[in-house]
Structure formats: C-alpha cells, structure tokens
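One-letter residues, chain by chain:
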Amino acid sequence: MSSITEVEETLARIQSHKGVKGVLICTKSGSAVRSSLPPAETETYAALITQLALKAASVARTLDPTDDLTFLRIRSRKHEVMVAPDKEYLLVVVQNPDEGEEV
C-alpha cells in the first residue's frame, strides 16, 4: 500500500511544478492507468505517445542492439512532452515550455 502512496506523492510533486499541464501513466499498449489530463487528451496522448516511444526504442536498438531508450523529449512551439519508459509503463509529462521563463 505504501508504494501506491509513494506513486501518488511523486505524481503530485511533478504536477506541482510550474508549467506542467498534466501527468500520465500508461501501459506499453497505450491504455491510461493514471492521468491528470482531461479524458479526451488522456486518450490521445496515451495512444500517440505510446506508439512514438515504442518506435523510438526500436530505432535506438536498430542503431545499437546493446542500447535502449531511457528518456524521450519532444518540444513543439506550444508543448514539451517528456517520456520516461519502463518495462511495463510509460510516464508522460506534458508541460508548457515557456511558462516560468522571464522575458
């Protein structure tokens, strides 16, 4: 039971960072397990980011069979998506890359 509490505390800590729009945990098959994003966004991010992360891992292994994907970061004009893959799950953090920067 304490591991669930630790996960909840970690997600709350990540979510509290300035600029974080949402945190998502999904399975490698693209099913959302936990999310702070709205349901429609959760489904979209879970499906698309899972496919992208699996493809990126495949590319890393193709380039070097002894290597593996440990982190994936995608930045667009509006959002930054950070993905930390694990054996069974993906941790996805979506944030506004410009929030918190002083002009």
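Residues numbered from 1 in each chain as written. Predicted model: local features only at pLDDT ≥ 70, side-chain atom pairs only at ≥ 80, totals over all residues. Heavy atoms only, no water.

1. Here's the deal with the pattern of salt bridges
Evaluation of the coordinates by the stated rule reveals five salt bridges. Lysine 21 is the partner of glutamate 41 in a salt bridge, and the nearest nitrogen-oxygen pair spans 3.0 Å. Here lysine 21 lies in strand β1 (residues 20-27) and glutamate 41 lies in helix α2 (residues 39-63), a separation of 20 residues in the sequence. Overall, glutamate 41 belongs to the partly exposed group, its relative accessible area being 26%. Among the ionic pairs, aspartate 98 bridges to arginine 75, the shortest N-O distance being 3.5 Å. With aspartate 98 in the segment after β5 (89-95) and arginine 75 in strand β3 (residues 72-75), this pair connects stretches of sequence that are 23 residues apart. Judged by its relative accessible area of 40%, aspartate 98 falls in the partly exposed class. (Salt bridge = Lys/Arg side-chain N within 4 Å of Asp/Glu carboxyl O. Helix = DSSP H or I, 4+ residues; strand = E, 2+ residues; numbered from the N terminus. Buried < 20%, exposed > 50% of the residue type's maximum accessible area, 1.4 Å probe, protein only.)

2. Thoughts on the environment of leucine 54
With respect to the helices and strands, the residue leucine 54 is situated in helix α2. Sequence separation of leucine 54 and leucine 69 is 15 residues, and the distance between their C-alpha atoms is 8.9 Å.

3. Considerations on the nonpolar core
Counting 16 residues, the largest nonpolar core has Tyr45, Val81, Val83 and Val92 as its most contacted members. Listing elements by their share of this core, those giving two or more residues are β1, α2, β4 (80-85) and β5. If you tally residues by element for this core, the top one is α2, at six residues. Leave out the neighbours within four places in its chain, and valine 92 touches Gly22, Val23, Leu24, Ile49, Val81, Met82 and Val83. Counting residues in each nonpolar core, the second largest holds seven residues, with Ile14, Val20, Met82 and Val93 among its members. (Core = buried A, V, L, I, M, F, W, Y, C linked by side-chain atoms within 4.5 Å. Contact = heavy atoms within 4.5 Å.)

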